[in-house]
Amino acid sequence: MAENTVMRAAGRALHEMREVKIERGWSTQAEGSCLISYGNTRVLCTASFIAGVPRWRANSKQGWVTAEYAMLPRATSERMPRESVKGKIGGRTHEISRLVARSLRAVVDLSALGENTITVDCDVLQADGGTRTAAITGAFVALADAVECAKGEKLVRKNATVIKDSVAAVSVGIVDGVVMVDLTYAEDSAAFTDMNVVITGSGELVEVQGTAEREPFTRAQLHKMLDLAESAVVSVREAQLRALEG
């Protein structure tokens, strides 16, 4: 069977994203927020604007953008103990937190932000694959609103170009020898290769995380996965734009 005739669960094509929904302004408390869904994966992203910067960045005339990622105990099929209760943050949590922060800083002019900090919290409410990619995409929307809120409060210069570009992320992988985009948990669990691709609105790559889980992948497959990610992220950017214009 040719790859272009292979259909996935719910009749989704190999190149097709799950439905991407972004509910902007989900929290009334945070300077910026949204609830983002990649299919059944749902992540709440809240951005907090904080005057001042970490001590190590003081007097630098530059701001800072950071992020924290976490999963609620029942985001998965079985309850997971809270990491805060266990007294130790897991390696995966640290890794994804840093990934989200790096992705946001790639499109922010820290000098234009001034000596202020924006912290984006990404809390997974329900996980069905792609939690980190959904977190990055939603975090950008929350960040953009936090910047606009700060301008409105005159905490940042109104004409400052703090955000240089947009950023979004999608997952791609190889399942049973077939390359596909936006893997669900079931697909990710069966994947021979799992890759997360972070791309700016202008099409530049911020980060590519790819791992062969069972069998090595070829350069040709790598190129195919990147091509598929670049094509799929277009619809994700459109969802971001609709949310920010809404």
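Residues numbered from 1 in each chain as written. Predicted model: local features only at pLDDT ≥ 70, side-chain atom pairs only at ≥ 80, totals over all residues. Heavy atoms only, no water.

Participant: What's the story with the nonpolar core in this structure? I'm lost.
Facilitator: Nonpolar side chains in soluble globular proteins tend to end up buried together. By size, the foremost hydrophobic cluster in this structure holds 64 residues, and its most contacted members are Val100, Leu104, Ile118 and Cys122. Here the element with the most residues in this core is helix 4 (residues 131-152); it accounts for 11 residues. The contact partners of cysteine 122, leaving out residues within four places of it in the chain, are Val43, Leu44, Cys45, Glu68, Tyr69, Ala70, Val100, Ala135 and Ala139. Grouped together as the second largest cluster of nonpolar side chains are 6 residues, Val175, Met180, Leu183 and Ala191 included. (Core = buried A, V, L, I, M, F, W, Y, C linked by side-chain atoms within 4.5 Å. Buried < 20%, exposed > 50% of the residue type's maximum accessible area, 1.4 Å probe, protein only. Helix = DSSP H or I, 4+ residues; strand = E, 2+ residues; numbered from the N terminus. Contact = heavy atoms within 4.5 Å.)

Participant: Would you mind going over the sheet that holds strand 2 (residues 32-38) with me for this structure?
Facilitator: Backbone hydrogen bonds are what pair the strands of a sheet, in a parallel or an antiparallel way. In space, the 5 strands of this open sheet follow the order 1-2-3-5-4, with mixed pairing throughout. Two strands in the sheet have a free side with no partner beyond their single neighbour: strand 1 (20-24) and strand 4 (64-71). This sheet shows a mean twist of 20° between the axes of neighbouring strands, independent of strand direction. Here strand 2 pairs with strand 3 (residues 41-51) via 7 bridges, running antiparallel. (Pairing = 2+ DSSP bridges. Axes fitted to C-alpha atoms, helices over the stretch in contact; angles between N-to-C directions.)

Participant: Just to check I follow, could you spell out helix 2 (residues 91-105) for this structure?
Facilitator: Within an α-helix, residues lying three or four positions from one another point in the same direction, as the helix has 3.6 residues per turn. Taking 1.5 Å of rise per residue, 15 residues should cover 21 Å, and helix 2 covers 21 Å from first to last C-alpha, within 8% of that figure. Those residues of helix 2 that sit buried are Thr93, Ile96, Ser97, Leu99, Val100, Ala101, Ser103 and Leu104. (Expected span 1.5 Å × (residues − 1).)

Participant: Explanation requested: unusual backbone geometry in the structure shown.
Facilitator: When glycine is set aside, most residues are seen to have a negative phi, and most peptide bonds are trans. Its identity as a non-glycine residue notwithstanding, aspartate 176 has a phi of 55°, on the positive side. Within the secondary structure, aspartate 176 sits in the loop between strand 6 (167-175) and strand 7 (178-181). Classification of aspartate 176 by relative accessible area gives exposed; the value is 64%. Backbone geometry places aspartate 182, a non-glycine residue, at a positive phi of 55°.

Participant: How do you make sense of the confidence of the model for the chain when you look at a structure like this?
Facilitator: As a note on interpretation, predicted positions should not be read in detail where pLDDT is low. Within the chain, residue pLDDT values average 93, and 97% of them lie at 70 or more. Averaged over each element, pLDDT in the chain is lowest for helix 1 (residues 83-86) (79) and highest for strand 2 (98). (pLDDT = per-residue confidence, 0-100.)

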